[in-house]
Amino acid sequence: MSDPIIKIEGMNKWFGDFQVLKDIDLSVEKNKKIVVCGPSGSGKSTLIRCINRLEEHQKGTIIVDGTELTENTKNIEAIRAEVGMVFQQFNLFPHLSILDNCTLAPIWVKKMPKKDAEELAMKQLEQVQIVDQAQKFPGQLSGGQQQRCAIARALCMEPKIMLFDEPTSALDPEMIKEVLDAMVNLAKAGMTMIVVTHEMGFAKEVADEVIFMDEGMIVEKAETKEFFANPKSDRTKLFLSQIL
Amino acid sequence: MNKLNFLRPNIENLNTYLYSGIFLISIAILDVSLSSFFNTNITSFLPNFISFLLPLILGTVGLHIIRIEFSGIKNLDLLNKNINTNTFNAVLSLLIIFAVIKSIPPFLSWFIIDATISGDTKEACTGTGACWTYIKIWLNRFIYGMYPNELQWRINLSFIALIGLAFVGLIPSEKFKKFLTLYYVVIYPIIAFVLIYYLISGGAFGLEWVETGAWGGLSLTFIVSFFCLIFCFPVGMFLALGRRSDLPTVRYISVGFIEFWRGVPLITVLFMSSVMFPMFLPEDFFMDKLVRVIIAISLFEAAYVAEVIRGGLQALPRGQYDAAKSLGMGYWKMHIFVILPQALKLVIPGIANTFLALVKDTPLIFVVGLLEIVGMLNLAKTNPKWLGYAMEGYVFAAIIFWIICYAMSKYSYNLEIKYKTDR
């Protein structure tokens, strides 16, 4: 068994007096796809935001690709550069064209020459099938196209891990599929992924493991088939009965 | 076919209504114009009271008759929609039109017809209108202050050079484009400073030294405004970032600075800069009055600019910060490439507002003895040979300031449109 690329041990987090994450233990091996589900307010978004330190944890350790997340800004920036993230609200930069959105970080963070960055960006945009929109601005694109661009933007940093924070929750139903397709392709290409989502179909298709969270704790963690076939805890059963 | 009914105009007899309505309105406007321009009253045969109100009545009736919805005539529909939606609206529109017509003749006669511009002395101004001779004679002083006449080419030359250099950005060259921001933010101000320091101030290269106390008039307005605008913007930007910093020291210093400068009136700041400040300096240290004033105004306005920019920073959704961070950008990269371009775009109107206020605040530097255009006017109006022409002077200054400010506000609109990429 290879070393886990993400290793979380005894992690706790508070927002003021309110404890959002309680004693989280989680390790993710390379090339594994993990789906995190659970009711809203259960801390799943906070959990993955802790992995690239968009949120700070107060107790426990998080080790990503051999580097522990601490106050050290240099480390954090290095880790963020190799952990891509896709948000619920897309968060594209509205003042830049689609192409510039994709090339900005490679050029200025990875110091890639402009020409190479553009080539890479076009390749990634091709992958998510919006290469013909490259010169447009985010405001001119549909939600599904924007989210696919956000995926391409994250991939342009050539990350080792991709985090998805409810990538389809803000989309119209007919656009969900195009985004999920892009994610399935990415999964098939062997990317390590942690996906917070309510799309159980997606979980069944690509996930190696499913994690169910409630009230800041990991309630259940199981292989995908096992998870859907015989969930152990009552809370998971209740959740699955409501969502499926 | 409907019968003609002037109480309820309809579209079927459109032309009849249209012509009769326009006829009535024309008579109303003609009546007002005649009485305004030629002092004749074509309705003098009527009782006084009715004669006075007749144009309004005729106009209102006329507008009522042409008030036909969906007439199919574009201009008529536009007119009805904008100034003629109901009787009250029609009366209001007519009153405004009449007021404009009535006010043109006195305005014109003061400004042009009865005004004087010939001659060289006060005695030439015999008319009842404005005495532009006064402006003409003093124009040189209003523009150059007390700067010696034979050296004024130095001011002209440096201003022409600066205006010319400002258009460098229009040179269409891809290679050069990358350095444009650097040019405008750093190089251009340095060139401006060097030009003004050596050419206008003099004292080197065989140029006679002219002390800043002799500078004045419109050229001083430009110099002060220009440098204050250039300095207060970056300072304000850093203050805005500082106020939102995670580092407590930086944050408290920024807050303290901003609140201090916003809390004191500009006139006190100027006074302090000129009277108090030198007392704290070592004996042999000298800083020119003009430089002190420019620094004082810049810091004062920077506090306002900071608060305007902070508004823009706060308007950005947190997701923009998250996205930039998740791509591995550090604090400065995130702000330079993602946050500031968007925030500054949002606050262009607010910044333009602050800048306009700054330009219009420059006359206050008279308290430290620097006389820009309004200061020179005040000086000129107290000249015994030219007593009593304050009005002309202030109208002149108002026009000059209006032109400057209108140009700036137009420019800011253009910027807004240029950077509009979304939504």
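Residues numbered from 1 in each chain as written. Chains lettered and ligands numbered in written order. Predicted model: local features only at pLDDT ≥ 70, side-chain atom pairs only at ≥ 80, totals over all residues. Heavy atoms only, no water.

Draft legend 1. Spatial organisation of the pattern of salt bridges. All told, the structure shown has 22 salt bridges over all chains when counted by the stated rule. A salt bridge links A:E209 to A:K221; the shortest N-O distance between them is 3.1 Å. Residue A:E209 is located in strand β9 (residues 209-214), and its partner A:K221 is located in strand β10 (residues 217-223); the two are separated by 12 residues in the primary sequence. Residue class for A:K221 comes out partly exposed when judged on its relative accessible area of 36%. With its nearest N and O atoms 2.8 Å apart, the salt bridge here joins B:E307 to B:R243. Note that B:E307 is positioned in helix α12 (residues 289-315) and B:R243 in helix α9 (residues 217-243), a separation of 64 residues in sequence. (Salt bridge = Lys/Arg side-chain N within 4 Å of Asp/Glu carboxyl O. Helix = DSSP H or I, 4+ residues; strand = E, 2+ residues; numbered from the N terminus. Buried < 20%, exposed > 50% of the residue type's maximum accessible area, 1.4 Å probe, protein only.)

Draft legend 2. Seen up close, unusual backbone geometry. Residues and elements named next belong to chain A. With a phi close to 70°, N31 is a non-glycine residue in the positive phi region. Among the secondary structure elements, N31 is positioned in the loop between β2 (18-29) and β3 (33-37). One non-glycine residue, Q129, lies in positive phi territory at about 60°. Mapped onto the elements of the fold, Q129 is located in the loop between α4 (114-127) and α5 (143-155). Under the relative-accessibility criterion, Q129 is labelled exposed at 61%.

Draft legend 3. Spotlight on the nonpolar core. A:I8, A:I194, B:W215, B:I297, B:I309 and B:L313 are the most contacted members of the largest nonpolar core, which has 99 residues in total. Tallying contributions element by element places α12(B) first for this core, with 12 residues. Filtering out sequence-adjacent residues up to four positions away, B:W215 remains in contact with B:Y144, B:Y147, B:I196, B:I200, B:S201, B:V210, B:L220, B:I223, B:L290 and B:L371. One finds A:V179, A:F212, A:F227 and A:F228 within the second-largest nonpolar core, a separate group that totals 48 residues. (Core = buried A, V, L, I, M, F, W, Y, C linked by side-chain atoms within 4.5 Å. Contact = heavy atoms within 4.5 Å.)

Draft legend 4. Quick look at the side chain of A:T197. Residues and elements named next belong to chain A. Within the secondary structure, T197 is located in the loop between β8 (192-196) and α7 (200-206). A distance of 3.0 Å separates the side chain of T197 from the backbone nitrogen of E199, its partner in a polar contact. Residues within four places of T197 in sequence aside, it is in contact with V35, V36, C37, T168 and F202. (Polar contact = N/O pair within 3.5 Å; in protein donor to acceptor, adjacent residues only side chain to side chain.)

Draft legend 5. The interface of chain B and chain A, seen in detail. Contacts between chain B and chain A engage 22 residues on the former and 24 residues on the latter. The junction of chain B with chain A conceals about 2,000 Å² of combined surface from both sides, 64% of it contributed by carbon and sulfur atoms. The interface formed by chain B and chain A holds 1 salt bridge in total. A salt bridge links B:D322 to A:R49, with the shortest nitrogen-to-oxygen separation between them at 2.9 Å. Inspection of the region where chain B meets chain A yields 6 residue pairs in polar contact (both at pLDDT 80 or more). Considering every element that reaches the side of chain B that touches chain A, the biggest residue donor is helix α13 (residues 318-326) of chain B, with 8 residues. Its residues assigned to classes, the side of chain B that touches chain A shows 8 nonpolar, 7 polar and 7 charged. (Buried area = accessible area lost by both parts, 1.4 Å probe. Nonpolar A, V, L, I, M, F, W, Y, C, P; charged D, E, K, R; others polar.)

Draft legend 6. View of the sheet that holds strand β1 (residues 4-15) of chain A. All names here are of chain A. Spatially, the 4 strands line up as an open sheet ordered β2-β1-β4-β5, and their pairing is antiparallel. Both outer strands of the open sheet, β2 and β5 (67-68), are each paired with one neighbouring strand and no more. Relative to strand β4 (residues 59-64), β1 is paired through 5 bridges, and the arrangement is antiparallel. Considered in β4, the bridge of I6 is made with V64. Relative to β1, helix α1 (residues 44-51) is tilted by about 120°, and along the sheet it contacts β1, β2 and β4. (Pairing = 2+ DSSP bridges. Axes fitted to C-alpha atoms, helices over the stretch in contact; angles between N-to-C directions.)

Draft legend 7. Examining the packing of aromatic side chains more closely. Residues and elements named next belong to chain B. Across all of its chains, the model carries 20 aromatic pairs over all chains by this definition. Arranged with centres 6.5 Å apart and planes meeting at 20°, the rings of W138 and F142 form a pair that is stacked. Highlighted residues: W138 and F142, both in helix α5 (residues 132-144), separated by 4 residues, approximately one helical turn. As far as burial versus exposure is concerned, W138 and F142 are alike and both buried. Here Y331 and W332 contribute two aromatic rings whose centre-to-centre distance is 5.1 Å and whose plane-to-plane angle is 90°, an arrangement assigned as edge-to-face. Using a relative accessible area of 49% as the deciding quantity, one classes W332 as partly exposed. (Phe/Tyr/Trp six-rings, centres within 6.5 Å; stacked < 30°, edge-to-face > 60°.)

Draft legend 8. Inspection of the pairing of strand β7 (residues 161-165) of chain A at higher detail. Residues and elements named next belong to chain A. Counted residue by residue, β7 has 5 buried out of 5 residues, so it is predominantly covered. The two faces of β7 match: I161, L163 and D165 on one face and M162 and F164 on the other face are all buried. As defined by bridge partners, strand β6 (residues 83-86) adjoins β7 across 4 bridges and the pair is classed as parallel. Residue pairing in the sheet places V83 in a bridge with I161 of β7. As defined by bridge partners, β7 adjoins β8 across 5 bridges and the pair is classed as parallel. Its bridge partner lying in β8, L163 is registered against I194. Read from β7 through helix α6 (residues 173-188) to β8, the crossover connection turns out right-handed. (Right-handed = clockwise from strand over helix to strand, strands pointing away.)

Draft legend 9. Fine view of the sheet that holds β3(A). All names here are of chain A. Across the sheet, which stays open at both edges, the 6 strands sit in the order β6-β7-β8-β3-β9-β10 with mixed pairing between neighbours. With one partner strand each, in any of the chains shown, β6 and β10 form the two edges of the open sheet. Across the sheet, the axes of successive neighbouring strands diverge by a mean angle of 15°, strand direction being ignored. Where α5 meets the sheet, it contacts β6 and β7, and its direction lies at approximately 170° from that of β6. Packing against the sheet, α6 makes contact with β3, β7 and β8, and its axis sits at approximately 150° to β8.

Draft legend 10. Quick look at helix α6 (residues 152-166) of chain B. Residues and elements named next belong to chain B. Helix length check: α6 (15 residues) gives 21 Å between terminal C-alpha atoms against 21 Å at 1.5 Å per residue, within 8%. Turning to α6, its buried residues number three or more, namely Q152, R154, I155, S158 and L162. All buried residues of α6 lie within an arc of 155° about the axis, which places them on one face of the element. Facing away from the buried side of α6 by over 90 degrees, the exposed positions are I160 and I163. Packing partners of the buried residues in α6 comprise α5, α8 (180-201) and α9. (Expected span 1.5 Å × (residues − 1). Arc of directions from axis to C-beta.)

Draft legend 11. Structural view of a nonpolar patch on the surface. A contiguous nonpolar surface patch, about 1,200 Å² in accessible area, is contributed by B:F179, B:L182, B:Y184, B:V185, B:V186, B:I187, B:I190, B:F193, B:V194, B:Y197, B:Y198 and B:F205. Positionally, B:I190 belongs in helix α8. (Patch = residues over 30% accessible without salt bridge, like charges linked within 9 Å, V, L, I, M, F, W, Y side chains within 5 Å. Areas by Shrake-Rupley, 256 points an atom, 1.4 Å probe, with all protein chains shown as cover.)

Draft legend 12. Representation of the packing of α5(B) against helix α17 (residues 390-418) of chain B. All names here are of chain B. Contact pair α5 / α17: the axes reach a minimum separation of 10 Å and the direction vectors enclose 55°. Judged on the interaxial angle alone, α17 and α5 are oblique. Crossing angle aside, the handedness with which α5 passes α17 is right-handed. Along its contact with α5, which presents W132, Y134, I135, L139 and F142, the element α17 presents E392, G393, V395 and F396. Each residue belonging to the contact of α5 with α17 can be placed in one class, and the counts come to 7 nonpolar, 1 polar and 1 charged. (Parallel < 35°, antiparallel > 145°, perpendicular 65-115°, else oblique. Left-handed = near helix turned anticlockwise from the far one by under 90°.)

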